[in-house]
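Observations on the model geometry
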Amino acid sequence: MGAVFVGLSNNGGLGQFPPFMQEFHGASKGALIISIYSAVGIIGKLLLGSISDKFGVVVSTIWTSVLLVLAYFLAATTTSYGFAILLAILFGLGNSIGTVLPPLIVSAIYPAKSYAQVYGLVNQFLFLGMMFGSLIAASIAEASSYSAAWYVFAVISALIIVFWAGSYFLAKKDFKAIKK
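Per-chain numbering applies: the sequence of each chain, read as written, is numbered from 1 onward. Given that this is a predicted model, residues contribute local features only at a pLDDT of at least 70 and side-chain atom pairs are listed and counted only at 80 or more, while totals for whole chains, interfaces and linings are drawn from all residues. The basis for the side-chain values is all heavy atoms of the structure; hydrogens and waters are excluded.

**Considering the overall build of the protein**
The following threshold applies: Strands are runs of DSSP state E lasting at least two residues, helices are runs of H or I lasting at least four, and both sets are numbered from the N terminus onward. In this setup the radius of gyration rests on C-alpha atoms only. A globule is expected at 2.2 Å times the number of residues raised to 0.38. Note on classification: 1.4 Å probe, protein chains only; a residue is buried when its accessible area is under 20% of the maximum for its type, exposed when over 50%, partly exposed between these limits. Contact criterion: two residues are considered in contact whenever any of their non-hydrogen atoms come within 4.5 Å of each other. Areas reported here follow the Shrake-Rupley algorithm with a probe of radius 1.4 Å; residue values treat only the protein chains shown as occluding. Neither His nor the chain termini are counted; the positive set is Lys and Arg, and the negative set is Asp and Glu. A charged residue contributes its charge at one atom only: NZ of Lys, CZ of Arg, CG of Asp or CD of Glu.
Of the regular secondary structure elements, the protein holds six helices and zero strands. What you see in the protein, going N to C, is helices and strands ordered as α-α-α-α-α-α. Against the compact-globule benchmark of 16 Å for 180 residues, the protein has a radius of gyration of 17 Å, which places it among compact chains. Overall size of the protein, expressed as C-alpha extent along the three principal axes, is 60 × 30 × 25 Å. Classification of the 180 residues of the protein by burial places 45% in the buried group. Partitioning the contacts of the protein with sequence separation of at least 6, the portion at a separation of at least 24 is 77%. As displayed, the protein offers around 8900 Å² of accessible surface, 69% of which is attributable to carbon and sulfur atoms. Positive and negative side-chain charges in the protein, numbering 9 and 4 respectively, have mean positions lying 19 Å apart.

Right, here's the structure in full:
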């Protein structure tokens, strides 16, 4: 479920922030905002790897999820151009969760001999979420509003913590029992 929610959160914004930003800020300002979160994403990936190395996958999961929650909350509550730039920075930093965190969480939970098989399975669920993220955001926006969609995606982003940190702690508990 964590991988599905990461995919949903990742692609909900990636797929629907461009039309959302264009609606409120026009094509050129909307494109600038998208460029900002794309550029910041590079820094976000490096920073997330560093945070994970120093503090572990649970802290890095919380870090990225909170950034995504804040980005979606800003999208839901304001149309200010200044806040849209802040949203782009937060989303760029948080969106690294989809590419950097899956291999880290798998390697933190599973032994090296199972890594390839488990990582392939986790990626399938990640891609399942990615396949539907933008579609769900667009469907909610069409039926109600983008604000409603962004609130839903803020909740999805927060639930990543529950699913991935929870699975990490459950796995560590189970591994200790097996080692005894």
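**A look at the packing of aromatic side chains**
We describe a pair of aromatic rings using the distance from one ring centre to the other and the angle between the two ring planes. Threshold: When two rings of Phe, Tyr or Trp (its six-membered ring) have centres within 6.5 Å they constitute a pair, described as stacked for plane angles under 30 degrees, edge-to-face for angles over 60, and tilted for the intermediate range. Think of it as a cone above the ring: NZ of Lys or CZ of Arg counts as a charge over the ring if it is within 6 Å of the ring centre and within 35 degrees of the ring normal.
Under the counting rule described, the total for this entry stands at 18 aromatic pairs. A ring pair is formed by phenylalanine 20 and tyrosine 146, whose centres lie 5.2 Å apart and whose planes are at 65°; its orientation type is edge-to-face. A residue pair is termed long-range when its members are at least 10 positions apart, and phenylalanine 20 in helix α1 (residues 2–55) and tyrosine 146 in helix α6 (residues 146–179) qualify at 126 residues. Look at phenylalanine 20 and you get buried, because its relative accessible area is 4%. With relative accessibility at 14%, the residue tyrosine 146 sits in the buried group. In this structure an aromatic cluster arises from ring pairing among Phe17, Phe20, Phe24, Tyr37, Tyr72, Phe91, Tyr146, Trp150 and Phe153. Across from the ring centre of tyrosine 81, 4.9 Å away, lies the NZ or CZ of lysine 29, which sits over that ring.

**Considering the nonpolar core**
We apply this condition: Each nonpolar core is a collection of buried residues, namely Ala, Val, Leu, Ile, Met, Phe, Trp, Tyr and Cys, held together in the definition by side-chain atoms within 4.5 Å.
Phe17, Phe20, Met21, Tyr72, Leu87, Phe91 and Trp150 are the most contacted members of the largest nonpolar core, which has 52 residues in total. Within the residue set of this core, elements represented by two or more residues are α1, α2 (57–77), α3 (81–94), α4 (101–109), α5 (115–143) and α6. With sequence-adjacent residues up to four places away left out, leucine 87 is seen in contact with Phe17, Met21, Ala71, Leu74 and Ala75.

**Considerations on the side chain of threonine 61**
Applicable threshold: Polar contact criterion, stated in full: a pair of N or O atoms within 3.5 Å, where within protein one must be able to donate a hydrogen and the other to accept it, and residues adjacent in sequence count only if both atoms are side-chain atoms.
Following the sequence through the fold, threonine 61 ends up in helix α2. A distance of 2.7 Å separates the side chain of threonine 61 from the backbone oxygen of valine 57, its partner in a polar contact. Those residues in contact with threonine 61, other than ones at most four positions away along the chain, are Leu101, Ile105, Ile160, Ile161 and Trp164.

**Section: the packing of α1 against α3**
As a reminder, the rule being used: Between the N-to-C directions of two axes lies an angle of 0 to 180 degrees, each axis being a line fitted to C-alpha atoms and, for a helix, fitted only over the stretch in contact. Crossings are sorted by hand: turned counterclockwise from the far helix by less than a right angle, the near helix makes the crossing left-handed, and turned clockwise it makes it right-handed. Classes in brief: Ala, Val, Leu, Ile, Met, Phe, Trp, Tyr, Cys and Pro nonpolar; Asp, Glu, Lys and Arg charged; the others, Gly included, polar.
Two elements in contact, α1 and α3, have axes separated by 5 Å at closest approach and are oriented at 35°. Crossing angle aside, the handedness with which α1 passes α3 is right-handed. A class-by-class count of the residues in the contact of α1 with α3 yields 18 nonpolar, seven polar and one charged.

**A closer look at the confidence of the model for the protein**
Condition: Scored between 0 and 100, pLDDT is the confidence that the predictor attaches to each residue.
Put simply, the protein has an average pLDDT of 92, and 96% of its residues get 70 or more. Looking across the protein, the model is least confident in α6, with a mean pLDDT of 87, and most confident in α2, with 96.

**Quick notes on a nonpolar patch on the surface**
What counts is decided by this rule: Patch membership requires over 30% relative accessible area and the absence of a salt bridge. Like charges are linked within 9 Å, and nonpolar side chains (Val, Leu, Ile, Met, Phe, Trp, Tyr) within 5 Å. Any carboxyl oxygen of Asp or Glu within 4 Å of a side-chain nitrogen of Lys or Arg constitutes a salt bridge here.
On the surface, Leu121, Phe125, Leu128, Met131, Phe132, Leu135 and Ile136 cluster together into a nonpolar patch covering about 620 Å² of accessible area. Among the secondary structure elements, methionine 131 is positioned in helix α5. Assessed through its relative accessible area of 53%, methionine 131 is described here as exposed.

**A closer look at the environment of alanine 154**
Tracing the backbone through its elements, the reader meets alanine 154 in helix α6. Given the relative accessible area of 10%, alanine 154 is considered buried. Through-space distance from the C-alpha of alanine 154 to that of leucine 68 is 6.9 Å; in sequence the pair is 86 residues apart. The contacts of alanine 154, once residues within four sequence positions are left out, are Val69 and Tyr72.

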